[in-house]
Amino acid sequence: MPVDLASVHPSKSAVLVIDVQNDFVSGSLAVRDAGQIIDTINALLTLPFALKIGTQDYHPPNHISFARNHTGKNEFESITISPPAELVAKRKNADTLPALEPLDQVLWPVHCVQSTTGAAFVDGLKHECLEVVRKGCDVGIECYSAFEDPWGLTNTGLADKLRSRGISDVFVVGIAGDYCVKFTALDAKKHGFRTFVIRDAVKSVSDDGTEWTEMTKAGVEIIDTAEELLASKIFSL
């Protein structure tokens, strides 16, 4: 069923281009066929969104998600990580808040290290129009979402940026559908934005498709093709 875009207006809409970076397209953690969505994303970037955001995974070399930083562990194994004590202690009223639970963490190949070619946007992406939001910058925290880490200890300021620009509708595209795209979309919905993900402008690591079910159940709206938006009279006004 086509998504109802009648109430959407470009002046209150933002596009979030998630992690279209060298390491995720052709580098150490490349997602299969990720390069195929670049032209589609570029076409979407010609639309008159009020705000165009490009996110970057931007890790320090000793990041907790890198397998090489864990003795005896291999890439793609899972470990359990706990929230960094120093950040937990900084929470307002930390002594009265419930404890934060440990989380499973996949150990990845080294990728998107700060100030390296792998962290840069891919050649061919028309990123000049994008305002950059970086995530995963803290050594001890993984951050798939462009908004905040799963414990809520750090945030990128994206929610405030969207609100300050009067944004109500968010369109999400990029890499990878089952990780950073999904968690960004879920957080966008949680923060009160009407949230769309454009299926043919996303590539995922896995083929099982469970991310689409999870997002739909959370109230995220799935647009099957970018053409639906490109052909919309709303975005041609």
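Residues numbered from 1 in each chain as written. Predicted model: local features only at pLDDT ≥ 70, side-chain atom pairs only at ≥ 80, totals over all residues. Heavy atoms only, no water.

Looking at an unreviewed UniProt entry, one finds the protein named nicotinamidase and attributed to Rhizopogon vesiculosus. If you open the UniProt record of the protein and go to Pathway (unreviewed entry), you find "Cofactor biosynthesis; nicotinate biosynthesis; nicotinate from nicotinamide: step 1/1." Quoted verbatim from the Sequence similarities (unreviewed entry) field of the UniProt record, the comment on the protein reads "Belongs to the isochorismatase family." (UniProt positions renumbered as here; feature names shortened; annotations may be inferred.)

Caption draft 1: Inspection of the sheet that holds strand β1 (residues 13-18) at higher detail. Reading across the sheet, the six strands line up as β5-β2-β1-β6-β7-β8 and stay open at both edges, with parallel pairing between neighbours. Each end of this open sheet is capped by a strand with a single partner; those strands are β5 (131-135) and β8 (221-223). On average, adjacent strands in this sheet sit at an angle of 25 degrees to one another, irrespective of strand direction. In the sheet, strand β2 (residues 51-57) pairs with β5 via five bridges, with the strands oriented parallel. Residue glycine 54 lies in a different strand from β5, and its bridge partner there is valine 132. Seen against the sheet, helix α6 (residues 210-217) touches β7 (194-203) and β8 and runs at an angle of roughly 170 degrees to β7. (Pairing = 2+ DSSP bridges. Helix = DSSP H or I, 4+ residues; strand = E, 2+ residues; numbered from the N terminus. Axes fitted to C-alpha atoms, helices over the stretch in contact; angles between N-to-C directions. Contact = heavy atoms within 4.5 Å.)

Caption draft 2: Focus on the layout of surface pockets. Counted as a void, the largest pocket has a volume near 410 Å³. Taken together, 21 residues make up the lining of the largest pocket; nearest its centre are Leu103, Asp104, Tyr144, Pro150 and Phe183. Examining the composition of the lining of the largest pocket, we find that six residues originate from one element, helix α5 (residues 177-190), more than from any other. Grouping the constituent residues of the lining of the largest pocket by class yields nine nonpolar, four polar and eight charged. By volume, the second largest pocket amounts to about 180 Å³. Around the second largest pocket sit Arg32, Asp33, Arg199, Val202, Lys203, Ser204, Ser206, Asp207, Asp208, Gly209, Glu211 and Trp212, which together line it. Counting only elements with at least two residues in the lining of the second largest pocket, the list comes to β7 and α6. If one sorts the elements of the lining of the second largest pocket by residue count, β7 sits on top with three residues. Taken together, the residues that form the lining of the second largest pocket break down as two nonpolar, three polar and seven charged. (1 Å grid on protein atoms, 1.4 Å probe; cavity = no way out; pocket = protein on both sides within 12 Å on 5 of 7 lines; lining within 4 Å. Points joined across faces, edges and corners; volume = space filled by probe spheres on them. Nonpolar A, V, L, I, M, F, W, Y, C, P; charged D, E, K, R; others polar.)

Caption draft 3: Representation of the packing of aromatic side chains within the structure. In the structure shown here, the tally under the stated rule is seven aromatic pairs. A ring pair is formed by tryptophan 108 and tyrosine 179, whose centres lie 5.3 Å apart and whose planes are at 85 degrees; its orientation type is edge-to-face. Placement of tryptophan 108 in the loop between β4 (103-106) and β5 and of tyrosine 179 in helix α5 is noted, with a sequence separation of 71 residues between them. Overall, the relative accessible area of 9% leaves tryptophan 108 in the buried class. Within the aromatic cluster, the residues linked to one another by ring pairs are Phe76, Trp108, Tyr144, Tyr179 and Phe183. If you follow arginine 134 out to its NZ or CZ, it ends over the ring of tyrosine 58, 3.9 Å from the centre. Over the face of the ring belonging to tryptophan 212 we find arginine 199, whose NZ or CZ atom lies 4.4 Å from the ring centre. (Phe/Tyr/Trp six-rings, centres within 6.5 Å; stacked < 30°, edge-to-face > 60°. Buried < 20%, exposed > 50% of the residue type's maximum accessible area, 1.4 Å probe, protein only. Lys NZ or Arg CZ within 6 Å of the ring centre and 35° of its normal.)

Caption draft 4: The arrangement of empty space enclosed by the protein in detail. Tallying each qualifying case throughout the model produces one cavity of 30 Å³ or more. The calculated volume of the largest cavity comes to roughly 140 Å³. Forming the boundary of the largest cavity are 15 residues, of which Phe24, Leu29, Trp108, Tyr179 and Cys180 lie nearest the centre. Residue composition of the lining of the largest cavity, by class: ten nonpolar, two polar and three charged.

Caption draft 5: A look at α5. Along α5, ten of the 14 residues are buried, which leaves the element largely enclosed by surrounding structure. Taken together, the buried positions of α5 are Gly177, Asp178, Cys180, Val181, Lys182, Thr184, Ala185, Leu186, Asp187 and Ala188. Buried residues along α5 sit against β1, β5, β6 (169-175), β7 and α6. Immediately beyond the C-terminal end of α5, within one or two residues, lies glycine 192, with a positive phi of roughly 95 degrees.

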